[in-house]
Amino acid sequence: MNYGKEHVAVYRTYATALDGVRTIPESEFDGRDNTLLGMEVRVQVAGEEFLPSFSEGDNSKVVATDTMKNFIHHHMGEYEGATVEGFLEFVGRKFLETYSQMETVQVSADELPFEERMVPGEDGFEPSDLVFRVADGESGFGHVVLSRSDDGPVVEEQKSGVTDIELVKVKDNSFTGYVQDEYTTLPERENRTLYVGMDIYWTYAEAADALGEDPERYVPPEQVSDIAQVVFDEYDVNSIQDLIYRIGERTLERFPQLESVSFEANNRTWLKVRDDLEGDAKVLREPPRPTGFQQFSMDHSDLEEGTPE
Ligand SMILES: O=c1[nH]c(=O)c2[nH]c(=O)[nH]c2[nH]1
C-alpha cells in the first residue's frame, strides 16, 4: 500500500556549486556551477495510517499528492547542497519530519540536464554564464528510501546512476564465437559498427557518501559516463557483455567507495548496407525490432586484483 506523485519537474537557478570532487584520468569533469539545476522527481509514501483511505474512503490522513508536488517545489528552494541525491535525501527527510503518518518515503529523480554554451569572450570562446542548451541526452539519476528510527529519519536504500547513454563506435568491435546451430542466421562479424544504449547504476558502501556533502567521496554521473566512453574507445570488445563488464571493472577501480555497479544495456547496432567503399567506410541502416539487451551487476569481489585502496 503506497501512493505518491511522479513527473514533478522542478528547476532551481543558482543552486550551490559542486566543487571539490576528485578527478579521474578518464574525465575532465571536476565539478559544476549548478547555475541551472533541474530534475523530475517521483515521491512514494507508505504507512499503516493510510489504510482507511483505501478501505473506507477516509481521507483524514491523506496528504494530497498535489500537496506533495508543492512540498517538493518549495523545498528545492531550501536545499543547500549540490547533488540530485542530496536533494532527494533532504526532501525525503522533510516529508517524514512534517507528516507523522508517513512511515517510509521513497524519492527518486532523473536530472533534467542543461549544457553550457560557448560564447566569444575576452580570451576566445568561454561558457556563457547565462544561456544554457536544453539537453535531451544522458542524465543523472538518484533514488533514496528513508524510514524512521529512534534518532530520526534514516536512509534505508540508495541508488545513483547515469541513464540514456548512447554510444556508437565505428569500428574495432567484433561479435564472434557464439553458438552456431540450426536456428542461427546471424553472420559472425570481426568488425562491426557497434551502437549501444546504456544505463549505469551504482550503490555506495556508505549511503551518506551519495549525498555529495563530502565531494571527495561523491561519484559524479558525468565521470561514470566518461569512463564508459573511454573504455569503449580503448578496448576492441567482442560483445556488449564484454564492454559493460570492462566499464564496471574500471568504475569500481576508480571508486572504491562504491559497493556495486550495475548495467542495463541494449543493442541498437545498425545493419550494413554497403561495405564496398574505400577503406573502412560503410553505409548502414537502422536495425529492425526486436532488440537485444544485457544486464549485469558487479561488486569488488569481481575485480581480479581484489579491492583496491
Ligand atoms: O554484443 C552482442 N551481444 C549479444 O549477445 C548479441 N546477440 C546478437 O544477436 N548480437 C549481439 N551482440
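Rules of the game
- Residues numbered from 1 in each chain as written.
- Predicted model: local features only at pLDDT ≥ 70, side-chain atom pairs only at ≥ 80, totals over all residues.
- Heavy atoms only, no water.
- UniProt positions renumbered as here; feature names shortened; annotations may be inferred.
- Domains from an automatic or database assignment.
- Contact = heavy atoms within 4.5 Å.
- Buried area = accessible area lost by both parts, 1.4 Å probe.
- Salt bridge = Lys/Arg side-chain N within 4 Å of Asp/Glu carboxyl O.
- Helix = DSSP H or I, 4+ residues; strand = E, 2+ residues; numbered from the N terminus.
- Nonpolar A, V, L, I, M, F, W, Y, C, P; charged D, E, K, R; others polar.
- Buried < 20%, exposed > 50% of the residue type's maximum accessible area, 1.4 Å probe, protein only.
- Pairing = 2+ DSSP bridges.
- Core = buried A, V, L, I, M, F, W, Y, C linked by side-chain atoms within 4.5 Å.

As annotated in an unreviewed UniProt entry, the protein chain carries the name Uricase and comes from Halorientalis pallida. Turning to the protein chain, the UniProt record has this under Pathway (unreviewed entry): "Purine metabolism; urate degradation; (S)-allantoin from urate: step 1/3."

Participant: Describe in detail the domain arrangement of the protein chain, supporting the description with residues and values.
Facilitator: Partitioning the protein chain into structural domains gives domain 1 (3-159) and domain 2 (161-302). One C-alpha centre belongs to domain 1, the other to domain 2, and the line joining them spans 27 Å. Between domain 1 and domain 2, the residue contacts involve 27 residues of the former and 27 residues of the latter. Summed over both partners, the interface of domain 1 with domain 2 comes to about 2,400 Å²; 53% of that surface belongs to carbon and sulfur atoms. For domain 1, the biggest contributors to the area lost against domain 2 are Arg22, Glu26 and Glu138; these three give 28% of the whole. Summed over the shared surface of domain 1 and domain 2, the result is 3 salt bridges. With its nearest N and O atoms 2.8 Å apart, the salt bridge here joins Glu26 to Arg254. Contributions of two or more residues to the side of domain 1 that touches domain 2 are made by helix 3 (84-98), strand 6 (139-149) and strand 7 (152-169). In terms of residue class, the side of domain 1 that touches domain 2 is made up of 8 nonpolar, 9 polar and 10 charged.

Participant: Can you tell me about the pairing of strand 2 (residues 36-46), naming the residues and giving the values?
Facilitator: With respect to burial, strand 2 is a largely interior element, 8 of its 11 residues being buried. Sheet topology note: the strand 2/strand 3 (residues 104-112) ladder contains 9 bridges and is antiparallel. Bridge assignment links Val43 to a residue of strand 3, and that residue is Val107.

Participant: Please set out the nonpolar core residue by residue, giving values where relevant.
Facilitator: Val196, Met198, Ile200, Trp202, Leu243, Ile247 and Leu258 are the most contacted members of the largest nonpolar core, which has 35 residues in total. Elements supplying a minimum of two residues to this core: strand 7, strand 8 (194-204), helix 4 (221-234), helix 5 (240-254) and strand 9 (258-267). Looking at this core element by element, the count peaks at 6 residues for strand 8. For this core, the two domains that each supply at least three residues are domain 1 (3-159) and domain 2 (161-302). Residues contacting Val196, with those up to four places away along its chain left out, are Ile165, Glu166, Leu167, Phe232, Ile240, Leu243, Ala265 and Asn266. Residues Met39, Val43, Met76 and Val107 belong to the second largest nonpolar core, which totals 30 residues.

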